Amino acid sequence: MKDRNGSTITSKQMIFIIVGSQVGIRLMYMPRVLTAIARQDAWIAVLIASIVPIISLFLIDRLGKRMPEMGFARMSQELFGKFLGSILIIIFIGYVIGYMSIIMRFFSEVTKLYLLPKTPLAVILLMYVFMVVYVANKGARVIGRLNDLLFYLILATFLLLIIPAGQGDYTYLLPIGEAGLGGIARGFVTAGYYYAGIEVLLVYYSLVNKKDEIFKAGLIAIAITTAFYVSIIVICELVFGISGLQKHLFPGLILLKIVQIPVFERLEFIFLFFWLGIGARPAINMCFAASLAFTQLLKLDEKKYLIYPLILIAVSIFILALLPSDILVVFNLRTFAGYGFYLIGIIYPLLFLIMSFIHEEKVKQNA
Amino acid sequence: MRFKSKQTAVTNDSPQNQAKETIPDTKLPAALKEKMQMLTPYLQKGADIIIRPFFIEGEPPLEAVSIHLNKIINDETLNQDILRHLMFNCRRESILERGADNLVETIYKTSITATQISKLDTLAALVHAIFDGLTVLMFDGVREVLVIDIHGGEFRSIDVPPAEQTMRGSREGFIERLDINIALVRRRLKDPNLVVEKTIIGRRTRTQVGILYIDDVADPQIVSEVKKRIDQMDLDGIVASGYVEQFIEDSPTSIFPQVFITERPDKMAAMLLEGRIGIIVDNTPLAFTAPALFVQFIQAPEDYYEKTFFSNYIRILRYIALLIAISFPAFYIALLSYQPELIPYDLLISFSRARTQVPFPVIIEALVMEIIIQLVIEAGLRLPQQIGQTVGVVSGIILGQAAISAKLASPIVILIISISIICTYALPSASMVLTTRLLRLPLMLLAATFGLFGIAFGWFVVQAHLIGLESVGVPYFAPLAPMRYPDLKDSIIRTFMKKMNQRPVSVPMQDRKRQGTDGKGQQK
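Residues numbered from 1 in each chain as written. Chains lettered and ligands numbered in written order. Predicted model: local features only at pLDDT ≥ 70, side-chain atom pairs only at ≥ 80, totals over all residues. Heavy atoms only, no water.

Novice: What is the right way to look at the pairing of strand E10 (residues 287–290) of chain B in this model?
Specialist: For a regular strand, side chains alternate in direction, first toward one face of the sheet and then toward the other. All names here are of chain B. Residues of E10 alternate between two faces, with Ala287 and Thr289 on one and Phe288 and Ala290 on the opposite face, all of them buried. Of the strand pairs in this sheet, strand E8 (residues 260–262) and E10 are connected by three bridges, and their pairing is antiparallel. Directly across from Phe260, in E10, lies its bridge partner Thr289. Two strands pair when backbone bridges link them, and strand E9 (residues 277–281) and E10 are joined in this way by three bridges, in the antiparallel orientation. Of the residues in E10, the one forming a bridge with Gly278 is Thr289. (Buried < 20%, exposed > 50% of the residue type's maximum accessible area, 1.4 Å probe, protein only. Helix = DSSP H or I, 4+ residues; strand = E, 2+ residues; numbered from the N terminus. Pairing = 2+ DSSP bridges.)

Novice: What exactly am I supposed to notice about unusual backbone geometry here?
Specialist: Trans is the common state for peptide bonds, and a negative phi is the common state for residues other than glycine. Residues and elements named next belong to chain B. Cis geometry marks the peptide bond from Ala290 to Pro291, where omega comes out at -5°. Residue placement: Pro291 occurs in the loop between E10 and helix H11 (302–305). Residue Ala478 is joined to Pro479 through a cis peptide bond whose omega torsion reads 5°. Residue placement: Pro479 occurs in the segment after strand E12 (474–475). The backbone phi angle of Lys71 is positive, close to 65°, even though this residue is not glycine. Looking at the secondary structure, you find Lys71 in the loop between strand E2 (62–69) and helix H3 (75–88). Look at Lys71 and you get exposed, because its relative accessible area is 54%. The backbone phi angle of Arg206 is positive, close to 45°, even though this residue is not glycine. Inspection of the secondary structure puts Arg206 in the loop between strand E6 (194–201) and strand E7 (207–214).

Novice: Just to check I follow, could you spell out helix H14 (residues 281–297) of chain A for this structure?
Specialist: Helical geometry note: an α-helix holds 3.6 residues per turn, so side chains three or four residues apart project in the same direction. All names here are of chain A. The end-to-end C-alpha distance of H14, which contains 17 residues, comes to 24 Å, matching closely the 24 Å that a straight helix rising 1.5 Å per residue would cover. Of all 17 residues that make up H14, 16 are buried, and the element is covered over most of its length. Looking one or two places after H14, you find Lys299, whose phi comes out positive at around 55°. (Expected span 1.5 Å × (residues − 1).)

Novice: I'm lost on the interface of chain A and chain B in this one. Help?
Specialist: Interface size is often expressed as the accessible area that is lost when the parts come together. At the junction of the two partners, chain A supplies 37 residues and chain B supplies 39 residues. For the interface between chain A and chain B, the tally reads two salt bridges. Ionic pairing is found between Arg145 of chain A and Glu470 of chain B, a salt bridge with its closest N-O pair at 3.5 Å. Elements that contribute at least two residues to the side of chain A that touches chain B include exactly helix H1 (11–22), helix H6 (82–114), helix H7 (121–136), helix H8 (140–162) and helix H13 (267–279) of chain A. With nine residues, H8 of chain A is the single largest residue contributor to the side of chain A that touches chain B. (Contact = heavy atoms within 4.5 Å. Salt bridge = Lys/Arg side-chain N within 4 Å of Asp/Glu carboxyl O.)

Structure below.
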């Protein structure tokens, strides 16, 4: 009874898992980074950059259609042989660990900055890591449901961010296209990073119950994410202007300082309060993906042994996240994680797809 | 409802059990003396067993014996409707005339006016029948034994359900008698598809458990799962429905209630109509239904009896009450110790003025008051009603005032703890009240250690826990996660009765259609 649906997730939940893996703390600092490159046309760059996850989605979907029920790790071993396939998976897990330690560090820093200035960073980080292990260990179905519910919470709190837009100055957006093609193109490459999260589909694909709806679900998810990104950038530009934006580390949070609501004197606290769980969400989704890939790699029973790689990954994230000396170093490291996304999100599925055409008969056997 | 079905008790089937079974399953002999000899070892231990020998007139008279437990059967019925007929109005010859080969059949068709009668012919069944509270009639020269159900004796009459009273609903509550409880449900649900099954749990207590569901609404998989879990119970005895609850719930380690306990037959009928399964345990006035959803515990029967707007208002208030009950003291602690700047300035001044003379940190102050009030509740629960009220008044007024003047607590803390206690008891379900009482403490500790972040952390963990919970394999936090849009009509709000055309999908069932019309009198 308990396993009537196995560990499957619905395609609707897949939408929210993708959105949840993409939208997180980056919403708070992305406007600053992108406007530094593409000036007031950053929103155009983000809009166009949504093509990056769509390409990734298309490739993963093609790949998945050829081997729908095969897990990511098994697929890798079938296509590349035992040794090379395992290396590819370990690189994937390493990418998740590296990337997530950056995200967790950001979030702990924000928490420390706004809520707990005197608590050691390690303690805050430990609580986040505990959250991640606790939820991810509950399996794919719970992750699907959690993402589903949190999406509506995120949406409700996001509406708070829209309030200050009324006080903005629309001339900050003008003239449109001033950055020129070159500026937008450079913005495009950076903005592509911010769609990282779509690559979880590599692992989650085999868990979704209706495979033919995945492509549509992915498109909807990307559309939602793009809407979030474009609106936060436009709002930040309207309120701060380009040069004003550069002065804040997390302009998204500063937005809330502008709003004056009686009784709720400091709105960003209330906002952060709701966003704490949401901050751990990309980490939950991706750490689950990584540990699932790990159990598949060792051909272990995923229900029974999921917790061990999960703890291993969480501990490595914890240690890695504590290594950088300050938050500005982490911002630089963020760029490398972005390259990692291009590797895992675009090159991986492309390689896999090419190999699946080469090993046509193996694919057919398994189909 | 025939008593033969009772003998399908699962406990008798398991091999381990049969080894322990001391009563041999032999066929009964024909002679009355031999039968009594076989029974003697079982009957002599109980002083409450009444053995009444009598004769059915005739040439020669037919020897017979009636055996029953004292004060468990209806004495009046036994005397008037059974023994009187057999002893005075009945002759051996006339019985023999009607059918000599099947004496027992003839006796109960012609001479006994009680309605629930069955026959049995093995020793084990006979002994169990006696101790299950049935009346047994044995005749000389007849192998088969008559078993008559004339349950009676003293028991509580149907009363107002004390913990679930409503303004507009029925005033009837379940009592300790299983058959009467089933009848209370049946009176409200006359559908021939309402299945009533009885089984016996407990090797020694042999407690009857009734399983109720609507055959063409309830999901067969869930029905068989619940039955399987009840069948797997193998213990020497149960004395309350809580035993069954703890055996069939999915996660015993969770603090959230996973079956819905009710003492109202109308609530039970409404639950059955939504495809749930009702379980009533003999000797407990609290029945329960499974699978249960989280939102159910915030819903009260009045939500459906009152008009939509009132019930929505009250229901939303109850959700707020749940949040306040769990986290109001925690918020106070977090704000005062970590983010006092979030409190409006004037309020903060009066807070700190009230706290100047209290020597403890705010968490100690709040913890002490919280534990005292929890103990007051516990003390009031056990005491007789009059003294219980006194305890409440004494602790409420005198203790609170004394604590303030002794500078042990500030008035604000007492106010805040009291508000959260009141909010706790605004919840309609007693099991959810227990959960909130238990949740408040860890949240207070988290708030004291990590401030608002601690509360957010606690909430997130509770939320993730709720999402992961299942009740008989059904997601517990539905329709919120997984989000089930059609069911939002009856979750945090309740829409108009006419608009609730379909049964909620959160509980799997076979027949979605609830109303034939779309509210305008047209057939859909």
